[in-house]
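Here is what each chain is made of, one letter per residue.
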Amino acid sequence: MQMGGIYQKEREPWGAMALVFLGYSLMIFVLEAVLMTGLPRAWTRADLMVAVCVEIARRFPFWGAIVWSFFWGYVSDVFQGRLWGAHGASYLLVLFLHRVWSRQMDTESMVYRMLLVGVGVLVQSLVSVLIVGGLSKAASGFPAAASQTVFSMVAAPFIMLPVQWILTKRVR
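Residues numbered from 1 in each chain as written. Predicted model: local features only at pLDDT ≥ 70, side-chain atom pairs only at ≥ 80, totals over all residues. Heavy atoms only, no water.

Notes on the overall build of the protein
Logical step 1: What the protein contains, in helices and strands, is six helices and two strands.
Logical step 2: Buried residues in the protein amount to 41% of all 172 residues.
Logical step 3: For the protein, contacts bridging at least 24 residues in sequence account for 67% of all contacts bridging at least 6.
Logical step 4: In the structure as shown, the protein presents an accessible area of about 9,900 Å², 70% of it carried by carbon and sulfur atoms. (Helix = DSSP H or I, 4+ residues; strand = E, 2+ residues; numbered from the N terminus. Buried < 20%, exposed > 50% of the residue type's maximum accessible area, 1.4 Å probe, protein only. Contact = heavy atoms within 4.5 Å. Areas by Shrake-Rupley, 256 points an atom, 1.4 Å probe, with all protein chains shown as cover.)

Below, the structure is given as structure tokens:
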């Protein structure tokens, strides 16, 4: 919607936003914590919450997106038994990159959103490799991080589309 030459974002309904903030995010978190962490190969352990974060960055008010990032980043780190802050930092990075790039790029494009997921997962994976193995193991951990990034990017549309469906205003 355009008003006086300035684009205004339409407001999402608060009930649907709360459903995504708590309900859908919790469901994806449990799916990730139960299913993804039990997978035998490191490259298949996608971080599905980054895809939710991209949709949160697109549709939530800025401060709501920051609260979501801190909350779910902290929960993810606590349940993994590590308080490194890698999840929260990658979620905040995705929010920042979305804010910076949204002026130049088409945020409705699925390719843009998949690339944003890829950047977040790659940075998170590389930080984790550096923390666990140090600089000497970074080269050996890069192939797993790159393949995990590609896997997360392929899985991202299946995670993002339900958020769009929940937040879409349905005519009754």
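Structural notes on the pattern of salt bridges
Logical step 1: In the structure shown here, the tally under the stated rule is four salt bridges.
Logical step 2: Here glutamate 55 makes a salt bridge to arginine 58, at a shortest N to O gap of 2.9 Å. Of the two residues, glutamate 55 and arginine 58 are both situated in helix α2 (residues 49-59); the distance of three residues between them amounts to about one turn of the helix.
Logical step 3: Given the relative accessible area of 6%, arginine 58 is considered buried.
Logical step 4: Glutamate 55 serves as the salt-bridge partner of arginine 113, at 3.2 Å between the closest nitrogen and oxygen. Of the two residues, arginine 113 sits in helix α5 (residues 110-133) while glutamate 55 sits in helix α2, which places them 58 residues apart along the sequence. (Salt bridge = Lys/Arg side-chain N within 4 Å of Asp/Glu carboxyl O.)

Remarks on the packing of aromatic side chains
Logical step 1: Applying the stated criterion to the full structure yields seven aromatic pairs.
Logical step 2: Geometrically, the ring pair formed by phenylalanine 62 and tryptophan 63 is edge-to-face, given 5.6 Å between the ring centres and 70 degrees between the ring planes.
Logical step 3: Judged by relative accessible area, phenylalanine 62 falls into the partly exposed class, the value being 34%.
Logical step 4: Note on tryptophan 63: relative accessible area 64%, which makes it exposed.
Logical step 5: Their ring planes at 85 degrees and their centres at 5.0 Å tell us that phenylalanine 71 and tryptophan 72 sit as a pair that is edge-to-face.
Logical step 6: Taken together, Phe21, Phe29, Phe60, Phe71, Trp72 and Phe79 form an aromatic cluster joined through their ring pairs. (Phe/Tyr/Trp six-rings, centres within 6.5 Å; stacked < 30°, edge-to-face > 60°.)

Things to note about helix α4 (residues 86-101)
Logical step 1: Helix length check: α4 (16 residues) gives 22 Å between terminal C-alpha atoms against 22 Å at 1.5 Å per residue, within 8%.
Logical step 2: Residues Ala86, His87, Gly88, Ser90, Tyr91, Val94, Leu95, Leu97 and His98 constitute the buried set of α4. (Expected span 1.5 Å × (residues − 1).)

Section: the nonpolar core
Logical step 1: Residues Phe60, Trp68 and Val117 are the most contacted members of the largest nonpolar core, which totals 39 residues.
Logical step 2: Those elements giving two or more residues to this core turn out to be α1 (14-34), α2, α3 (62-79), α4, α5 and α6 (138-167). (Core = buried A, V, L, I, M, F, W, Y, C linked by side-chain atoms within 4.5 Å.)

Some words on the side chain of histidine 98
Logical step 1: For histidine 98, the location among the structural elements is in helix α4.
Logical step 2: Separated by 2.9 Å, the side chains of histidine 98 and tyrosine 112 make a polar contact.
Logical step 3: Non-local contacts of histidine 98, meaning those with residues more than four positions away in its chain, are made with Ala57, Arg58, Thr107, Tyr112 and Leu116. (Polar contact = N/O pair within 3.5 Å; in protein donor to acceptor, adjacent residues only side chain to side chain.)

A word on α2
Logical step 1: Judged by how many residues are buried, α2 sits mostly within the fold: eleven of eleven residues are covered.
Logical step 2: Taken residue by residue, α2 has Met49, Val50, Ala51, Val52, Cys53, Val54, Glu55, Ile56, Ala57, Arg58 and Arg59 as its buried positions.

Some thoughts on the environment of leucine 97
Logical step 1: For leucine 97, the location among the structural elements is in helix α4.
Logical step 2: Here leucine 97 falls in the buried class, since its relative accessible area comes to 13%.
Logical step 3: C-alpha separation for the pair leucine 97 and glycine 120, spaced 23 residues apart in sequence, amounts to 9.3 Å.
Logical step 4: The contacts of leucine 97, once residues within four sequence positions are left out, are Ser102, Tyr112, Leu116 and Val119.

As for the packing of α2 against α4
Logical step 1: Viewed as axis vectors pointing N to C, α2 and α4 meet at an angle of 35 degrees, and their least axial separation amounts to 9 Å. In the crossing of α2 with α4, the sense of the turn from one axis to the other is right-handed. Contact with α2, carried on its side by Met49, Val50, Cys53, Val54, Ala57 and Arg58, involves Tyr91, Val94, Leu95 and His98 of α4 and no other residues of that element.
Logical step 2: Across the contact of α2 with α4, the residue classes tally to eight nonpolar, one polar and one charged. (Axes fitted to C-alpha atoms, helices over the stretch in contact; angles between N-to-C directions. Left-handed = near helix turned anticlockwise from the far one by under 90°. Nonpolar A, V, L, I, M, F, W, Y, C, P; charged D, E, K, R; others polar.)

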